[in-house]
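# Working through the structure, step by step
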Amino acid sequence: MKEAELVIVGAGPAGLSAAIEAAKAGVKVMICDENQRAGGQLFKQIHKFFGSRAHQAGTRGIDIGQNLLNEVEKIGVDVKLDAVVWGIFSDRRVGIVHEGKNTLVKAKKILLATGAAENVLAFPGWTLAGVMGAGAIQTMVNVHRVLPGKNVLMIGSGNVGLIVSYQLMQAGAKVAAIVEAMPRIGGYAVHASKVRRAGVPILTSTTIKEAKGKEKVEKAVIIKLDDKFKQVAGSEKEFDVDVICLAVGLSPLAELAWMAGCKFTDVPELGGLLAIHNEDMETTVPGIYVAGDIAGIEEASTAIEEGRLAGIAIAESLGYINAAAAKEQKQQIYKRSDQLRDGPFGIGRRKAKEVLISRSLKQ
Amino acid sequence: MTLIKDGFFDADELKILPGVPSEERLKKGPVVVIECAQQIPCNPCEEACLKGAIEIGESIVNLPKLNADMCSGCGLCVAACPGQAIFVVDMAYSQTEATVQLPYEFLPCPKEGEVVAGLNRAGEKVCDAKVLKVLAPKKFDRTAVIKIAVPKNLGMIVRNIQLKNSDKED
Ligand SMILES: Cc1cc2nc3c(=O)[nH]c(=O)nc-3n(C[C@H](O)[C@H](O)[C@H](O)COP(=O)(O)OP(=O)(O)OC[C@H]3O[C@@H](n4cnc5c(N)ncnc54)[C@H](O)[C@@H]3O)c2cc1C
Ligand code: SF4
Ligand code: SF4
């Protein structure tokens, strides 16, 4: 059986950042991604990112992705594309189908950086063609340059809904409205203001009631919600749209962690059931680590920091970095992560992470 | 309240922001207006201003604070803001007109001299606006900064533009 020091599953910002830190320290890294191109979500993100200079703030996501790829290439990491990891077995054996061929690799350490999956919303008509996830739309528009439709109703006013609305308009579609079940906009006001001043109404306390059409979406019916989230009869409104875009949250893509036997806990602030991990990002199964959206739905900037942290911790546990040097590097990462998990949008996530880590101590 | 319910500021919400200059300062000539109201982890504006007129400080969730006397209205910070929340307003441009510099990321980009519609924060057309300048150097990384002239009373109202021929409904 093939052997490897570190196998990373998923070449998004978390996986790539971990690969860079570990390889820099001397670890021999293999990183697998099911796609034809590395970068994860970053290659859909054509907008400028937030953060500080250390997080490349003001740089577009695509360019942050390219910078990570350049670095990975320079250091000489073994990047396997078209490589689906389908199972994790005892003794840290990893099942990979690479370019159609099945192999089993025995790894000293495994990092799961598989990201997240989109949540769906069921309503009458939701199986009609034209009801799509925001992630799929973002891939179509920004990667493949295909417009899914001309008139779009967006469901969800979190940052994803707001940003994808803006990008649909940049691509030439019309966004009829953004509807939000909560009484307030979920994402950053600066993103909301940007689409609002381009003429898109944002309708809070409102939800989708029904999609109408023969074979594909032709109309969307929305309805007001009262303060108990009950539909207000008679408040329906109809829009002529050919696409209904769902941006109603993400959930960690954690099947491989379940399969590996990691213990899970429910942390709603971070997207639901999560593999418990410690301050080094190691799960309850020794040698198996998590980083990025699988360890809590956050942002690319936090995914990068968690990836770096896992990479350093893994290099340390393999004996490539001494404890003192590792500690210093980790301290810097904790500090930068705390900066990101601050303010009204971040402090809840910081507290939730603390709870998650405290639960690992109890194991 | 309007900001988190509708996505745009009402006049009172705007006035209290530390990034918005006083009325007296606005009267004196070009100055930046930073419409950033939430504590989000972000600070590129601080770094973009070579004159040190924008301060965020150690904690990157602090709101950007403007020292309006140090601001020349040069517009360098406009394209640097990932939230597109920064504008430069010159209320002293002429007897009858004010100018607004705003970030623009749509195609086609308007041309200098073109007349476009001026939109308010809710996206409603409020006037005609003349495009005075279009800046899109490499440094701005594909965000153009458009300078328009609008009726003087609308300098603090107009925050977007719409090209005249993009009106068509299909
Ligand atoms: C519309 C939108 C806008 C966003 N805007 C921002 C922003 O402005 N700033 C910001 O910081 N963040 C932003 N984010 C969030 C950011 O994109 C994610 O938090 C980040 O990409 C998470 O990184 P990751 O490495 O954990 O996962 P991903 O980027 O999702 O990467 C995971 C990779 O693993 C692969 N994979 C999964 N399972 C397997 C398997 N079994 N075998 C092989 N490969 C596998 C996936 O295909 C993928 O390539 C945005 C997200 C969206 C959807
Ligand atoms: S307009 Fe120029 S001087 Fe004023 S804050 Fe922006 S960068 Fe600084
Ligand atoms: S760069 Fe823009 S969004 Fe970020 S803090 Fe400054 S004004 Fe706010």
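Residues numbered from 1 in each chain as written. Chains lettered and ligands numbered in written order. Predicted model: local features only at pLDDT ≥ 70, side-chain atom pairs only at ≥ 80, totals over all residues. Heavy atoms only, no water.

## Side note on the overall build of chain A
Heads up, the rule is: Numbered from the N terminus, helices here are DSSP runs of H or I no shorter than four residues, and strands are runs of E no shorter than two. Here the radius of gyration uses the C-alpha set of atoms, whereas the globule reference equals 2.2 Å times the residue count to the power 0.38. Each residue gets one of three labels from its accessible area relative to the maximum for its type: buried under 20%, exposed over 50%, partly exposed in between, using a 1.4 Å probe on protein chains only. Contacts between residues were defined by any pair of non-hydrogen atoms, one from each residue, lying within 4.5 Å. For the area figures, the Shrake-Rupley method with a 1.4 Å probe applies, and any residue is considered shielded solely by the protein chains shown.
Helix and strand content of chain A: nine helices and 19 strands. Compactness check: chain A gives a C-alpha radius of gyration of 21 Å against a globular reference of 21 Å for 363 residues, within 12% of the reference. Principal axes of the C-alpha set define a box for chain A whose edges measure 65 × 45 × 35 Å. Residues counted as buried form 53% of the 363 residues belonging to chain A. A separation of at least 24 residues holds for 60% of the contacts in chain A among residues at least 6 apart in sequence. Of the accessible surface of chain A, which amounts to about 15,300 Å², a share of 52% is contributed by carbon and sulfur atoms.

## Considerations on the nonpolar core
Put simply, the rule is: Side-chain atoms within 4.5 Å are what join buried Ala, Val, Leu, Ile, Met, Phe, Trp, Tyr and Cys residues into a set we call a nonpolar core.
Ranked by size, the top nonpolar core spans 78 residues in total, and within it Leu168 of chain A together with Ile148 and Val150 of chain B carry the most contacts. The residues contacting Val150 of chain B, other than those within four sequence positions of it, are Thr96, Glu97, Ala98, Val100, Cys127, Ala129, Gly155 and Val158 of chain B.

## Regarding the sheet that holds strand β15 (residues 243-246) of chain A
All names here are of chain A. Keep this limit in mind: Whether two strands pair depends on DSSP finding at least two bridges between them. As a rule, the C-alpha atoms of each element are fitted with a line to give its axis, helices using only the stretch in contact, and angles between N-to-C directions run from 0 to 180 degrees.
Ordered by their spatial adjacency, five strands build an open sheet running β8-β15-β9-β10-β11, and the pairing between neighbours is parallel. At either end of the open sheet lies a strand with only one pairing partner, and these are β8 (131-133) and β11 (202-203). Sheet topology note: the strand β9 (residues 151-155)/β15 ladder contains four bridges and is parallel. The residue of β15 that forms the bridge with Ile155 is Leu246. Contacts from helix α3 (residues 134-143) reach β8 and β15, with the element oriented near 85° to β8.

## Some details on the site of ligand 1
Residues and elements named next belong to chain A. Selection criterion: The rule for a residue being near a molecule or strand is that one of its heavy atoms must lie within 4 Å of it. Polar contact is the term for a pair of N or O atoms within 3.5 Å; when the atoms are in protein, one must be able to donate a hydrogen and the other to accept it, and sequence-neighboring residues count only if both atoms are side-chain atoms. The nonpolar class holds Ala, Val, Leu, Ile, Met, Phe, Trp, Tyr, Cys and Pro. Asp, Glu, Lys and Arg form the charged class, and all remaining residues, Gly among them, are polar. An automatic or database domain assignment supplies the start and end points of every domain.
In the vicinity of ligand 1, 33 residues are found, and the nearest of them are Asp33, Glu34, His47, Asp293 and Ala300. Between Asp33 and ligand 1, the recorded distance is 2.7 Å, taken from a side-chain N or O atom to an oxygen atom. Between an oxygen atom of ligand 1 and a main-chain N or O atom of Gln41, the distance comes to 2.9 Å. Those elements giving two or more residues to the shell around ligand 1 turn out to be α1 (13-25), β4 (83-89), α4 (159-170) and α7 (300-317). Among the residues forming the shell around ligand 1, the class breakdown is 16 nonpolar, 12 polar and five charged. When residues are assigned to domains, the shell around ligand 1 turns out to be shared by domain 1 (2-117 + 250-362) and domain 2 (121-246), each giving three or more.

## What about the environment of Gly296 of chain A?
Residue and element names in this part refer to chain A. In this fold, Gly296 is placed in the loop between β19 (288-290) and α7. Taking relative accessible area as the criterion, Gly296 reaches 1% and is therefore assigned buried. Remark: the alpha-carbon pair of Gly296 and Leu273, spanning 23 residues in sequence, is separated by 8.8 Å. Ignoring anything within four residues of it in the chain, the contact list for Gly296 reads Leu270 and Leu274.

## Some points on the side chain of Glu282 of chain A
All names here are of chain A. Mapping Glu282 onto the fold places it in the loop between β18 (272-275) and β19. There is a polar contact of 2.7 Å between the side chain of Glu282 and the backbone nitrogen of Gly287. Sequence-distant contacts of Glu282, defined by excluding residues within four places in its chain, comprise Ile276, His277, Gly287, Ile288 and Tyr289.

## Describing α4 of chain A
Residues and elements named next belong to chain A. What counts, and what does not: Take the residue count of a helix, subtract one, and multiply by 1.5 Å to get its expected span.
The terminal C-alpha atoms of α4 lie 16 Å apart, and with 12 residues this matches the ideal 16 Å at 1.5 Å per residue to within 8%. The buried count for α4 comes to 10 of 12 residues, which makes it a mostly enclosed element. Burial in α4 covers these residues: Asn159, Gly161, Leu162, Ile163, Val164, Ser165, Tyr166, Gln167, Leu168 and Met169. Against the buried residues of α4 lie α3, β9, β10 (174-179), α5 (189-196), β11 and β15.

## Some thoughts on the interface of chain A and chain B
For clarity, the cut-off: Buried area is understood as the total, over both parts, of accessible area removed when two parts are fitted together, assessed with a 1.4 Å probe. Only one rule defines a salt bridge in this text: a Lys or Arg side-chain nitrogen within 4 Å of an Asp or Glu carboxyl oxygen.
Taken together, the 39 residues of chain A in the interface contact 41 residues of chain B. Summing both sides of the interface, chain A and chain B together bury roughly 3,400 Å²; the carbon and sulfur share of this comes to 49%. Counting the surface chain A buries against chain B, the share from its top three residues, Lys48, Arg196 and Arg197 of chain A, is 21%. In this structure, the connection of chain A to chain B is made through three salt bridges. In this structure, Arg60 of chain A engages Glu105 of chain B in a salt bridge whose closest nitrogen and oxygen atoms are separated by 3.0 Å. On inspection of chain A and its partner chain B, the count reaches 23 residue pairs in polar contact (both at pLDDT 80 or more). Broken down by secondary-structure element, the contributors of at least two residues to the side of chain A that touches chain B are α2 (61-75), α4, α5, α8 (323-340) and α9 (343-362) of chain A. Counting residues per element, the side of chain A that touches chain B draws most heavily on α5 of chain A, which supplies six residues. Split by residue class, the side of chain A that touches chain B holds 17 nonpolar, 10 polar and 12 charged.

Read these as geometric descriptors, not functional statements.
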